[in-house]
Amino acid sequence: MIKLVLTDLDGTLTEDRGIYKVSLDAIKYLRLLEERGIKVALVSGNSYPVLRGLHNYLGFSGGVVAENGCVVFYKQKIRVCKPMDRQILEEFKEKFKLKDSWQNDYRECDFGFTPPDITEEMIKWAEEKGLYINSSGYALHIAFKPAGKMVGVRKLIELHGVKKEEVIGIGDSLTDLDMFKEVGIKVAVGNAEEELKKEADIILNLKSGEGVKELVTMILEGKLDGRNR
Ligand SMILES: O=C(O)COP(=O)(O)O
Ligand SMILES: [Mg+2]
């Protein structure tokens, strides 16, 4: 039985990839899950205050995994990664001519930068420093290893006391590959990156928020029952 649905935010709950407008239909459908006792949690590269605010105001009760896995909230807030070193952030920004995400003022471990394009040189630089690096398609992210959505999702599932098989994860980008490692059913929206689609159990027909509606309909119609066994 599905007990917890983990959803990414940017590119998944929005009307499309690359835009910030949240799909109101997707929210409406996710609330139907909450009414049936299936909890919804936000798992995203966004900062904790942004996600905690959305979680409460949108009417979800499954908690939050913020900063790409580094900060977890479910009844209590837990930091699961090492705090970032400000000097490293300055070096990264300067070396690759990047701009701070406005949310960097509110982050502890994982920091975001634009433009979101990752290069081989950046990967090499990060590896030498023991840093996690990834792109959500919206921003580049760096944090001290171990980081990535899997570390936060593992903690959130532990706090819920549910089995991996009872958890669905839905996303759109490479950062969601890490979430996929920890969930029973892996779902990619129709416009997700090809690499994520390759790892998904279900590839939705519809894009972003419309895809979320498609998934909720499948859950409510019992189409996923037995799939996660
Ligand atoms: O903060 C970002 O880059 C967006 O991340 P998300 O796709 O995990 O919501
Ligand atoms: Mg995303």
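Quick summary incoming for the structure in this document. This structure is a prediction, so every number in the text was calculated from the model and none was measured.

Right, let's talk about the packing of aromatic side chains for a bit. Overall, the coordinates contain seven aromatic pairs when judged by the stated rule. Ring centres of Phe92 and Phe113 lie 5.3 Å apart, and the angle between their planes is 75 degrees; this geometry places the pair in the edge-to-face category. Placement of Phe92 in helix α3 (residues 86-96) and of Phe113 in strand β7 (residues 111-114) is noted, with a sequence separation of 21 residues between them. The exposure class of Phe92 is buried, given its relative accessible area of 0%. Accessibility expressed as a relative area gives 0% for Phe113, which makes it buried.

Every residue close to ligand 1 is listed here: Asp8, Leu9, Asp10, Ser44, Gly45, Asn46, Ser136, Tyr138, Ala139, His141 and Lys149. Between ligand 1 and the protein, one listed contact pairs an oxygen atom with a side-chain N or O atom of Asp8 at 2.7 Å. Separating an oxygen atom of ligand 1 from a side-chain N or O atom of His141 is a distance of 2.6 Å. Here ligand 1, which alone exposes 290 Å², has 98% of that area covered by the protein. Classifying every residue of the shell around ligand 1 gives three nonpolar, five polar and three charged. Among the domains, domain 1 (4-79 + 148-221) and domain 2 (86-144) are the pair contributing at least three residues each to the shell around ligand 1.

Our focus in this paragraph is the coordination of the magnesium ion (ligand 2). The coordination sphere of the magnesium ion (ligand 2), as far as protein atoms go, consists of Asp8 (OD), Asp10 (O) and Asp172 (OD), spread over 2.1 Å. Sequence positions of the residues that donate to the magnesium ion (ligand 2) give the spacing D-x1-D-x161-D. Note that Asp8 is positioned in the loop between β1 (4-7) and α1 (24-35) and Asp172 in the loop between β10 (167-171) and α6 (176-180), a separation of 164 residues in sequence. Considered together, Asp8 and Asp172 belong to a single accessibility category, that of buried residues.

Let's shift gears to the state of the cysteines. A full pass over the atoms with the stated rule returns one disulfide. At a sulfur-sulfur separation of 2.4 Å, the disulfide partner of Cys70 is Cys81. Across the disulfide from Cys70 to Cys81, rotation about the S-S bond amounts to roughly -85 degrees, and the bridge is consequently left-handed. Here Cys70 is found in the loop between β3 (64-66) and β4 (71-74), whereas its partner Cys81 is found in the loop between β5 (76-79) and α3, with 11 residues between them in sequence. For the pair shown, Cys70 and Cys81 are each scored as buried. No disulfide involves Cys109; its nearest neighbouring cysteine sulfur is the one of Cys70, lying 4.7 Å away.

Rules behind the numbers
- Residues numbered from 1 in each chain as written.
- Chains lettered and ligands numbered in written order.
- Predicted model: local features only at pLDDT ≥ 70, side-chain atom pairs only at ≥ 80, totals over all residues.
- Heavy atoms only, no water.
- Phe/Tyr/Trp six-rings, centres within 6.5 Å; stacked < 30°, edge-to-face > 60°.
- Helix = DSSP H or I, 4+ residues; strand = E, 2+ residues; numbered from the N terminus.
- Buried < 20%, exposed > 50% of the residue type's maximum accessible area, 1.4 Å probe, protein only.
- Near = heavy atom within 4 Å.
- Polar contact = N/O pair within 3.5 Å; in protein donor to acceptor, adjacent residues only side chain to side chain.
- Areas by Shrake-Rupley, 256 points an atom, 1.4 Å probe, with all protein chains shown as cover.
- Nonpolar A, V, L, I, M, F, W, Y, C, P; charged D, E, K, R; others polar.
- Domains from an automatic or database assignment.
- Donors = N, O, S within 2.8 Å, 3.2 Å for Na, K, Ca; no water.
- Disulfide = S-S within 2.5 Å.

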